[in-house]
Each structure stands twice: as C-alpha cells, then as structure tokens.
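Chain and residue survey
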Amino acid sequence: MKKTKIGQVVSDKMTQTIVVRVEDRTLHKKYRKHISRHTKFHAHDAQESAAIGDMVKIQECRPLSRLKRWRLVEVLKRAEV
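Reading guide: rules and limits
Residues numbered from 1 in each chain as written. Predicted model: local features only at pLDDT ≥ 70, side-chain atom pairs only at ≥ 80, totals over all residues. Heavy atoms only, no water. Helix = DSSP H or I, 4+ residues; strand = E, 2+ residues; numbered from the N terminus. Buried < 20%, exposed > 50% of the residue type's maximum accessible area, 1.4 Å probe, protein only. Contact = heavy atoms within 4.5 Å. Core = buried A, V, L, I, M, F, W, Y, C linked by side-chain atoms within 4.5 Å.

Description of the environment of Thr26
- The topology assignment puts Thr26 in strand β2 (residues 17-27).
- For Thr26, a relative accessible area of 27% puts it in the partly exposed group.
- Sequence separation between Thr26 and Arg37 is 11 residues; the distance between their C-alpha atoms is 7.8 Å.
- Non-local contacts of Thr26, meaning those with residues more than four positions away in its chain, are made with Lys33, His34 and Ile35.

Here we look at the nonpolar core
- Counting 11 residues, the largest nonpolar core consists of Val9, Ile18, Val20, Val22, Phe41, Ala43, Ala50, Val56, Ile58, Trp70 and Leu72.
- Elements with a contribution of two residues or more to this core: β2, β3 (34-44), β4 (55-60) and β5 (70-77).
- In terms of residue count, β2 provides more of this core than any other element does, three residues in total.
- Ignoring any residue separated from it by four or fewer positions in sequence, one finds Val56 in contact with Lys5, Ile6, Gly7, Val9, Val20, Ala50, Leu72, Glu74, Val75 and Leu76.

Following this line, the structure appears as structure tokens:
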C-alpha cells in the first residue's frame with residue numbers, strides 16, 4: 001500500500017508540479033502539549049488541475065525528478081476566490 005497525504009497547495013508556478021503543505025499535529029513527549037508542524041512536498045500534476053489554496057490528496061510514487069516523489073490523486077476542495 002502506497003502512502004497518501006492530504007494537504008494544501010501553496011505553489012503552482014512550475015510546469016506540471018505543485019508544492020503541497022501537509023500539517024501534522026503531534027504531542028510533545030515531555031511537556032504533553034500539542035505541536036503543529038508542517039512539511040512541503042513537490043507533487044506531479046500532469047493535467048495542471050490544482051491551484052493555490054486547493055485541498056488535495058497526494059500519493060507516493062517512483063522518483064520523477066530530483067524533488068518529486070509524489071503525484072496528485074485528486075482535488076478534494078477548491079479554493080474560494
């Protein structure tokens with residue numbers, strides 16, 4: 001089973017590539033406080049259907065370039081204009 005993540009598109013300026021920001025909430029081991037962290041993933045978008053602000057689902061795939069190891073599966077929610 002390939003990994004999937006849900007995040008928000010923060011950049012679509014590259015050709016067939018989007019940058020997706022994935023939020024992760026974890027509990028601090030010592031202080032027992034919730035911490036929000038984020039990671040940015042470069043994902044392949046062949047149809048260039050995603051735009052900035054969209055909530056998307058990405059899936060792990062073979063390396064497509066130096067940075068791209070993910071591909072766009074679907075756009076879950078469009079950004080409000």
